[in-house]
Amino acid sequence: MVRTVRERADACPGALSTHDAADGPLARVRVPGGRLTAQQLLVLAESIDVLGDGRLHVTSRANVQLRGLSDPEALATRLADAGLLPSPSHERIRNILGSPLSSLAGGLVDVWPLVTALDRAIQAEPRLTALSGRFQFGLDDGRGDLTASALDVGWRAVRSEPHGAVAEAGEPAGALVLAGADSGLRVPMDQAVPAMVAAALAFLDLLEADGVGAWHVRELDNAVDRLSAMIADAMARRGESPAWPERDGPTTPLVRAMPVRATRIVRTTPDRFEQIPPPAVGIHAAGRRPDHGAGTQQDRFEPSDLFGVVAGVTFGTVTSDQLRLLSELAPDGAIFTPWRSVVIPGLSKKNASESAGRLRDGGYVLDPDDPSLRVTACIGSPGCASSAADVRSDIHEVLSGLPSGAVLHVSGCERRCGRPRTGHTDVVATGDGYSVDGTPTTADALPTAIGSASASGPHGDRSAATGSPAPGRRPSQTRSPEVGVVDQHIPGPAPSRENMVSASTSAVGYVRDGAEIYRRSFATIRAEADLAGLPDDVATAVVRMIHACGMVDLVDDVACSDDVVAAGRTALRDGAPILTDAQMIASGVTRSRLPADNEVICTLGDARVPGLAAELGNTRSAAALELWRERLPGSVVAIGNAPTALFRLFELLDEGVGAPAAIVGVPVGFIGAAESKEELVRRAPAPYMTVHGRRGGSAIATAALNAIAQEKE
């Protein structure tokens, strides 16, 4: 089962399937590894001038977007001629990240040949067109710069281990990454691409087997274990017979996709990946590059006297003049990064120094202390009709006043498009000003509000606890007096929770302001729980549900219809009653949040229930639903105690009783709880929300109801 039941197709735009934004058609061009040739940079420069808004927009997947298009078909022709649209059928699924500094400095291997090979392999597999346009592949050269949690399927180089067929082969190897986690499978470098394609095919097999829709591997229940087992089985079959014959069965395409030498893939204990900060802006000395000639994996490095320049791109936006400058300075091409910066590799020491100066003069960011490096922002208005403000203009006005070290993402609405998966202060336009980590403020007071929020630590993602600095800046950063070469040192472990004591609480012992407790609690939940992929209103409900139980991993077990909150809220506004199986839920509903002074009904204490239970041969909780028959159609149902009540609800619906408008089904327990909720997902008799497994309860049900009742968090 999946955490979110996808009831709509993925509408992620592409170069051919554009999105109609407020400022005109938007095209998203997939750029595997973020790497563009000098000629492609010129084509994009001319395209944004002639057909677009004059700016190229870099995404967090290192792809590029063109906005305000006057002629999307003409753009497609230009892109195809420039080699940026090699396969129209696969154009939306070529989402491939690669370590941007690979082959220049650091890393265990050079992943650029793998990026090219993976792109070709994806285009060669027709079935992969069924993937979502958001499905992410990634190749990490072993330095740990790619955010693992952002990857659906990836490969990360690892140092050879003292066991298994991979180590015996004496060749580069890596961990197969699934749903952002180490699968425990170790794959030789020359088998990385077919193994990744096989993993993507296995994901599609699981979707078909489960009969559900999902955009990401993480949305499947127990995804890593299930996919690993499927791949291991396919490896064994392929290893038994390299010329594996055609045969019927759902695993046949997967088996055929496995590499012939698949037996060299071995299982080991999964590791917990460490992540380093993004590369700092400035000049990078190549030092020693990976050399795949001979020797052990750790020794395969050859001296290099080449340099590279990393430059920041303010708000991820590049003008046509800046693209032309980049093309001139980067004869071997340039690499856009997921952190909205750009890399020019392969320069001599002299050219690197000169290029850095010209990039700085051309509007790129080369100063690691520039506050714009710590700010990301959605497009805002007027480009987006949903935005409540021109967020980029507003934040640009106060950049110089931002507190030192503050990392933030500025959003025009609650969708928070483009939000990074690293720790940050959450700034959202509200129409009346802004909300900074939940605290209202005005646009001109943003620096003060951001300073107060930053003092209590970054929010926005679970990775905030890693202590990673802002993009473009690393700890312990020093500079050579010669050409400003960045000397980077990977930071040590993050401070322990015991040492992370808020200054605002230590003086008084504890926080006494109720509103502040709520604000901080919700901010903490949003920082630690992976809410990506959930509709905004559902995410708000899940935040309250987590708040009720204190378990941020609850989100991994949540399953729902995309429209459950909207359906329930509409019903309540129309005066529908709330029917619940437990008096605790009825008592916990905040009456001031109910939009129509709605009735909250629990029939468990009715005097008729014991007799009905005896007559039905069922529990009193199930029997109490007999008294719901007249009120059930169009109601909002919340079952948070008894699995038998949820099963009885299905029986009533089978008997022809009208369906409710929405169902919150989260019974708790060891007998029947998981099964009743699986049945709810299977049947989906109305828009629903549930929590897979044994967890649930009245507090979680009440929290969901209070979130459905009113939009305000």
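Residues numbered from 1 in each chain as written. Predicted model: local features only at pLDDT ≥ 70, side-chain atom pairs only at ≥ 80, totals over all residues. Heavy atoms only, no water.

Undergrad: What exactly am I supposed to notice about the overall build of the chain here?
TA: A tally of regular secondary structure across the chain gives 21 helices and 31 strands. Within the chain, the proportion of its 713 residues that are buried is 56%. Long-range pairs, those at least 24 residues apart, make up 69% of the contacts in the chain between residues at least 6 apart in sequence. When the accessible surface of the chain is totalled, it reaches about 28400 Å², and 50% of it is carbon and sulfur. (Helix = DSSP H or I, 4+ residues; strand = E, 2+ residues; numbered from the N terminus. Buried < 20%, exposed > 50% of the residue type's maximum accessible area, 1.4 Å probe, protein only. Contact = heavy atoms within 4.5 Å. Areas by Shrake-Rupley, 256 points an atom, 1.4 Å probe, with all protein chains shown as cover.)

Undergrad: Please clarify how the side chain of aspartate 557 should be interpreted in this entry.
TA: One can find aspartate 557 in the loop between helix H14 (536-549) and strand S26 (558-560). A polar side-chain atom of aspartate 557 sits 2.7 Å from a polar atom in the side chain of arginine 695. With residues up to four places along the chain from it excluded, the contact list for aspartate 557 reads Thr690, Val691, His692 and Arg695. (Polar contact = N/O pair within 3.5 Å; in protein donor to acceptor, adjacent residues only side chain to side chain.)

Undergrad: Can you help me understand the pairing of strand S18 (residues 341-347) in this one?
TA: Along any regular strand the residues' side chains alternate between the sheet's two faces. Taking burial as the measure, the seven residues of S18 include six buried ones, the bulk of the element. Sheet topology note: the strand S15 (residues 307-312)/S18 ladder contains five bridges and is antiparallel. For valine 310, the partnering residue across the bridge sits in S18 and is valine 343. Pairing of strand S17 (residues 334-336) with S18, which is carried by two bridges, proceeds in the antiparallel orientation. Considered in S18, the bridge of isoleucine 335 is made with valine 343. Hairpin connection from S17 to S18: four residues lie between these consecutive antiparallel strands, with arginine 340 at a positive phi of about 55°. (Pairing = 2+ DSSP bridges.)

Undergrad: Looking at this structure, I do not really get the nonpolar core. What am I missing?
TA: When a protein is soluble and globular, its nonpolar side chains tend to lie buried together. By size, the foremost hydrophobic cluster in this structure holds 50 residues, and its most contacted members are Leu118, Leu128, Leu131, Phe137, Leu139, Trp155 and Phe203. When residues of this core are traced back to their parent elements, those giving at least two are helix H3 (112-124), strand S7 (137-140), strand S8 (153-158), strand S9 (173-178), strand S10 (181-188), helix H5 (192-210) and helix H6 (223-240). In terms of residue count, the dominant contributor to this core is H5 (13 residues). Ignoring anything within four residues of it in the chain, the contact list for phenylalanine 203 reads Leu131, Phe135, Ala214, Trp215, His216, Val217, Leu220 and Leu227. With 44 residues, the next largest nonpolar core counts Ile525, Ile578, Ala703 and Ala709 among its residues. (Core = buried A, V, L, I, M, F, W, Y, C linked by side-chain atoms within 4.5 Å.)

Undergrad: Hey, could you run me through helix H8 (residues 320-329) in this one?
TA: One turn of the α-helix equals 3.6 residues, which is why residues spaced by three or four share an orientation. Most of H8 is tucked away, with seven of its ten residues classed as buried. Within H8, burial applies to Ser320, Gln322, Leu323, Leu325, Leu326, Ser327 and Leu329.

Undergrad: Sorry, what's going on with the pairing of strand S20 (residues 408-411) here?
TA: The side-chain alternation of S20 yields two buried faces, one formed by Leu408 and Val410 and the other by His409 and Ser411. Relative to S20, strand S19 (residues 375-377) runs parallel, the two being bridged by three bridges. Along S20, the bridge assignment pairs valine 375 with leucine 408. The pairing of S20 with strand S21 (residues 425-429) spans four bridges and is classified as parallel. Bridge pairing links valine 410 to valine 427 in S21.

Undergrad: Hey, could you run me through the sheet that holds S19 in this one?
TA: Paired through backbone hydrogen bonds, the strands of a sheet run either parallel or antiparallel to each other. The five strands are arranged S19-S20-S21-S22-S23 in an open sheet whose pairing can be described as mixed. In this open sheet, the two strands that pair with only one neighbour each are S19 and strand S23 (439-441). Adjacent strand axes in the sheet meet at a mean angle of 25°, parallel and antiparallel pairs treated alike. With three bridges joining them, strand S22 (residues 434-436) and S23 adopt antiparallel strand pairing. Residue pairing across strands places valine 436 opposite threonine 439, the latter belonging to S23. (Axes fitted to C-alpha atoms, helices over the stretch in contact; angles between N-to-C directions.)

Undergrad: Would you mind going over H3 with me for this structure?
TA: In this model, H3 (13 residues) spans 19 Å end to end at C-alpha, consistent with the 18 Å of a helix rising 1.5 Å per residue. Restricting attention to buried positions, one finds in H3 the residues Trp112, Leu114, Val115, Leu118, Asp119 and Ile122. Buried positions in H3, seen along its axis, are confined to an arc of 150° and lie on one side of it. Of the residues in H3, the exposed ones pointing more than 90 degrees away from the buried face are Arg120 and Ala124. Looking at the buried positions of H3, the neighbouring elements they touch are strand S3 (35-36), strand S6 (96-98), S7, S8, H5 and S17. (Expected span 1.5 Å × (residues − 1). Arc of directions from axis to C-beta.)

Undergrad: Hey, could you run me through the sheet that holds strand S30 (residues 662-665) in this one?
TA: Strand order in the open sheet formed by six strands is S26-S31-S30-S29-S27-S28, and the pairing between neighbours is mixed. In the strand order of this sheet, the two ends are held by S26 and strand S28 (600-602), each with one partner. Taking the axes of each pair of neighbouring strands and ignoring which way they run, one obtains an average angle of 15° across the sheet. Two strands pair when backbone bridges link them, and strand S27 (residues 578-580) and strand S29 (residues 636-639) are joined in this way by three bridges, in the parallel orientation. The residue of S29 that forms the bridge with threonine 580 is alanine 638. This element, helix H20 (residues 673-683), spans S26, S30 and strand S31 (688-691) of the sheet and lies at about 150° to S31.

Undergrad: I'm lost on the state of the cysteines in this one. Help?
TA: Disulfide: a covalent bond connecting the sulfur atoms of a pair of cysteines. For the structure shown, the criterion picks out zero disulfides. Cysteine 417 takes part in no disulfide bond, and the closest cysteine sulfur to it belongs to cysteine 413, at a distance of 5.7 Å. Of the residues examined, cysteine 417 reaches a relative accessible area of 43% and is grouped as partly exposed. (Disulfide = S-S within 2.5 Å.)

Undergrad: Help me understand unusual backbone geometry, please; the structure alone is not making it clear to me.
TA: Both trends apply: most residues other than glycine have a negative phi, and most peptide bonds are in trans. A cis amide bond, omega 5°, links serine 381 with the succeeding residue proline 382. Along the chain, proline 382 falls in the loop between S19 and helix H10 (391-397). Of note in this structure, alanine 62 is not a glycine but carries a positive phi near 65°. Here alanine 62 is to be found in the loop between strand S4 (55-58) and strand S5 (64-66). The residue alanine 684 is not glycine, and still its phi comes out positive at about 45°. Here alanine 684 is to be found in the loop between H20 and S31. Given a relative accessible area of 35%, alanine 684 falls into the partly exposed group.

Undergrad: Just checking my understanding: could you explain the packing of aromatic side chains for this structure?
TA: Pairs of aromatic rings are described using the distance from one ring centre to the other and the angle between the two planes. Counted by the stated rule, this structure contains three aromatic pairs. The interplanar angle of 40° and the centroid separation of 5.3 Å between the aromatic rings of phenylalanine 135 and phenylalanine 203 together place this pair among those described as tilted. Of this pair, phenylalanine 135 sits in the loop between H3 and S7 while phenylalanine 203 sits in helix H5, and the two are 68 residues apart along the sequence. You'll find phenylalanine 135 and phenylalanine 203 in the same group, each marked buried. Among the aromatic residues, those joined into a cluster by ring pairs are Phe135, Phe137 and Phe203. In this structure, arginine 35 is placed above the aromatic ring of tryptophan 112, and the distance from its NZ or CZ to the ring centre is 4.7 Å. (Phe/Tyr/Trp six-rings, centres within 6.5 Å; stacked < 30°, edge-to-face > 60°. Lys NZ or Arg CZ within 6 Å of the ring centre and 35° of its normal.)

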